[in-house]
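Overview (structure and organization)
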Amino acid sequence: MYSLLGFLITIGILVTLHELGHYCVARWCGVKVLRFSFGFGPVLFSRRFGRDQTEWALSAVPLGGYVRMLDVRDRRDDEAPISENDLPREFINQKVWKRIAIVAAGPLANLLLAVLLLAVMYMAGVPGYQPVLSQPVAGTAAAEAGLQSLDRIVAVDGQPVAVWQDVHQAVLNADTASAAVLTIEREGGSFKASLALAAMAAGDGEGDPLGRLGLHPYLGAPLIANVFADSPAAAAGLRAGDRIQAIDGVALDSPAAMTARIDQSAGATVELTVVRDGAVLMLSVTPRQETDGRGKAVARIGVTIAGDPEASGRYRVTVRYGAIDALAMGTARTWDLTVLSFKMIGRMIVGSASLKNLSGPLTIADYAGQAIQAGFQQFMTYLALISIGLGVLNLLPVPLLDGGHLLYYLAEIIRGRSLPERVMEIGQRIGLALIVTLIVLALWNDISRQF
């Protein structure tokens, strides 16, 4: 129910704002709007308002919406011919810059919503962890750069960072073909470390890119939250509430460190140093090799783990900003995420990132439900991220999407006249095929993640 509620709220807000962008700019440009519909398919409910008697409709399929403008190309056989008075208000008769403004207004409305939501979040306060490192696993880029437990990252490529989210965004924006320069504070001094980013690019765009580099926040020795029945952990005698201080004598200072070391030990018995009710126990466990949702071989012992709230709490912060700074940061964050989204799409097209990164309505609903349960702030942040995704998706130069129409208008500007109807018809068919393919892939990925 949370997922369904979150999905309906998310789609309702984002689709309505997107279509309102088209509607408002169309009215501003003098175009007559015939229908504003939330959803596709048969109309379930409608009312007419305003001088033009625009029909405001709720349709059967709540996975989008549309604004139908006066256009001879879209006129149905049962409709009266367009009157002489309305011809100047027809969409196709508008100058190309007006048509560009109308079409671009939808995606831009989504990006503007993201800016405002993120600005509100920055003003309310952004919770997170200070960028203090856990011990990097041997062989990772962070270990090779000489980073150690409790090192604090204060800047990435000269850009100051206050929380882990800042580090994540700065590293993702860096050129993966080179190295990021980290400014590190250690025991009162500071130095610069060069972090090779090749492992992040080689990771196929999946999972945690910072984790592949060996960058994890210090969260203290991991705590066992749950032990699954018939698992190696249950056979070894592990219980919920156990604190895992070390594996084979190597101290642990984050859940990620435990996961990484277990993953290196499939089929090999490891010795855990466990603290339980103040007593220290030594337990042996043999991780079992399994396959995760992406088909990758992983080693697991059958537990869920969390950080030590007392240890990690020392580095938990809430960063708040003034209105002007928050708006500037919301704009910058939206721009960064928009550019990152286009980069990821480009990587998927050329094959350097997996198509498994595509998500559909089931994943959106799942995360929406989690965000609602996590609280108002988390849901607003989630809403901003999905709004950016919707804006980016619609700006892709694919016929049937807003970006496809913008591509037509750009060609019209270059040619000095509109494209032939035959060319546009072929483009529509290609666009439909691409969109159907993307929908099928996204749904397949959704189902794969669930099962």
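Residues numbered from 1 in each chain as written. Predicted model: local features only at pLDDT ≥ 70, side-chain atom pairs only at ≥ 80, totals over all residues. Heavy atoms only, no water.

1. Here we look at the packing of helix H1 (residues 2-28) against helix H2 (residues 96-124)
Axis separation between H1 and H2 bottoms out at 8 Å; the angle between their running directions is 150°. As far as their axial angle goes, H2 and H1 are roughly antiparallel. For H1 against H2, the interelement crossing comes out right-handed. Residues Ile 13, Leu 14, Leu 17, His 18, Gly 21, His 22, Val 25, Ala 26 and Trp 28 of H1 touch H2, and the partners they reach there are Trp 97, Ala 101, Ile 102, Val 103, Ala 105, Gly 106, Pro 107, Ala 109, Asn 110 and Leu 113. Among the residues making up the contact of H1 with H2, the classes are represented as 14 nonpolar, five polar and no charged. (Axes fitted to C-alpha atoms, helices over the stretch in contact; angles between N-to-C directions. Helix = DSSP H or I, 4+ residues; strand = E, 2+ residues; numbered from the N terminus. Parallel < 35°, antiparallel > 145°, perpendicular 65-115°, else oblique. Left-handed = near helix turned anticlockwise from the far one by under 90°. Contact = heavy atoms within 4.5 Å. Nonpolar A, V, L, I, M, F, W, Y, C, P; charged D, E, K, R; others polar.)

2. Description of the packing of aromatic side chains
Per the stated rule, a full pass over the model turns up seven aromatic pairs. A centroid spacing of 6.1 Å and a plane angle of 85° characterise the contact between Tyr 23 and Phe 36, whose relative ring orientation is edge-to-face. Here Tyr 23 is found in helix H1, whereas its partner Phe 36 is found in strand E1 (residues 33-49), with 13 residues between them in sequence. Each member of the pair, Tyr 23 as well as Phe 36, is classed as buried. On the numbers, 5.6 Å between centres and 90° between planes, the contact of Tyr 122 with Tyr 321 is edge-to-face. With Tyr 122 in helix H2 and Tyr 321 in the loop between strand E16 (316-319) and helix H10 (323-350), this residue pair connects regions lying 199 residues apart in the sequence. Residue Tyr 321 is classed as partly exposed on the basis of its relative accessible area of 24%. (Phe/Tyr/Trp six-rings, centres within 6.5 Å; stacked < 30°, edge-to-face > 60°. Buried < 20%, exposed > 50% of the residue type's maximum accessible area, 1.4 Å probe, protein only.)

3. A word on the environment of Arg 48
The residue Arg 48 is located in strand E1 in this model. Distance from Arg 48 to Gly 125, taken between C-alpha atoms, is 42 Å for residues 77 residues apart in sequence.

4. Structural notes on H2
Its 29 residues place the ends of H2 42 Å apart at the C-alpha level, agreeing with the 42 Å of an ideal helix rising 1.5 Å per residue. One or two steps after H2, the chain reaches Gly 125, where phi turns positive at roughly 120°. (Expected span 1.5 Å × (residues − 1).)

5. Remarks on the pattern of salt bridges
Counted under the stated rule, the structure contains 10 salt bridges. Where Arg 422 meets Glu 425, a salt bridge forms, and the shortest distance between an N and an O atom there is 3.6 Å. Of this pair, Arg 422 and Glu 425 both sit in helix H14 (residues 421-450), three residues apart, which is roughly one turn of that helix. The partly exposed category is assigned to Glu 425, whose relative accessible area is 35%. For Glu 425, the salt bridge goes to Arg 429, with nearest N and O atoms at 2.8 Å. Taken together, the residues span about one helical turn, with Glu 425 and Arg 429 both in helix H14 at a distance of four residues. Residues joined by salt bridges that share partners form a network here, namely Arg 35, Arg 48 and Glu 55. (Salt bridge = Lys/Arg side-chain N within 4 Å of Asp/Glu carboxyl O.)

6. Focus: the pairing of strand E12 (residues 279-285)
Inspection of the sheet shows strand E11 (residues 270-276) paired to E12 by seven bridges, in the antiparallel sense. Paired with Glu 271 across the two strands is Ser 284, which belongs to E12. Joining the antiparallel neighbours E11 and E12 is a turn of two residues, in which Asp 277 adopts a positive phi near 55°. (Pairing = 2+ DSSP bridges.)

7. Side note on H1
Along its 27 residues, H1 runs 38 Å from first to last C-alpha, staying within 8% of the 39 Å computed at 1.5 Å per residue. Remark: Gly 30 follows H1 within two positions and exhibits a positive phi of approximately 85°.

8. What to know about the packing of helix H4 (residues 164-173) against H10
Closest axis-to-axis distance for the H4/H10 pair is 11 Å, and the angle between their directions is 45°. Comparing their axes, H10 and H4 come out oblique. Here H4 runs over H10; the crossing is left-handed. Contacts between H4 and H10 involve Gln 165, Gln 169, Leu 172 and Asn 173 from the former and Arg 333, Asp 336, Leu 337, Leu 340 and Lys 343 from the latter. Looking at the contact of H4 with H10 residue by residue, the class counts come to three nonpolar, three polar and three charged.

9. Section: the side chain of Ser 134
Mapped onto the elements, Ser 134 comes out in the loop between strand E3 (126-129) and helix H3 (141-144). Overall, the relative accessible area of 1% leaves Ser 134 in the buried class. A polar atom in the side chain of Ser 134 sits 3.4 Å from the side chain of Ser 254. Beyond its immediate chain neighbours, meaning those up to four positions away, Ser 134 contacts Gln 148, Ser 149, His 216, Pro 217, Tyr 218, Asp 253 and Ser 254. (Polar contact = N/O pair within 3.5 Å; in protein donor to acceptor, adjacent residues only side chain to side chain.)

10. Some points on the sheet that holds strand E6 (residues 179-186)
Pairing is antiparallel across the open sheet formed by four strands, whose spatial order is E5-E4-E6-E7. Taken across any chain shown, the strands that pair with only one partner, and hence form the sheet edges, are strand E5 (159-160) and strand E7 (189-196). Across four bridges, the pairing between strand E4 (residues 152-156) and E6 is antiparallel. Counted as the bridge partner of Val 156 is Leu 182 from E6.

11. Comments concerning a nonpolar patch on the surface
Where nonpolar side chains cluster on the molecular surface, the patch consists of Leu 362, Ile 439, Leu 443 and Ile 447 and spans about 310 Å² of accessible area. Sort the elements by how many residues they give to the nonpolar patch and H14 lands first, with three residues. Locating Leu 443 in the fold gives a position in helix H14. (Patch = residues over 30% accessible without salt bridge, like charges linked within 9 Å, V, L, I, M, F, W, Y side chains within 5 Å. Areas by Shrake-Rupley, 256 points an atom, 1.4 Å probe, with all protein chains shown as cover.)

12. Some remarks on unusual backbone geometry
Notably, Asp 230 is not glycine yet its phi reads approximately 60°, a positive angle. The topology assignment puts Asp 230 in the loop between strand E8 (223-227) and helix H7 (232-236). Its relative accessible area of 73% is what places Asp 230 among the exposed residues. One non-glycine residue, Asp 248, adopts positive backbone phi at about 50°. Secondary-structure assignment places Asp 248 in the loop between strand E9 (243-247) and strand E10 (250-251). Asp 248 gets classed as partly exposed once you look at its relative accessible area, which sits at 49%.

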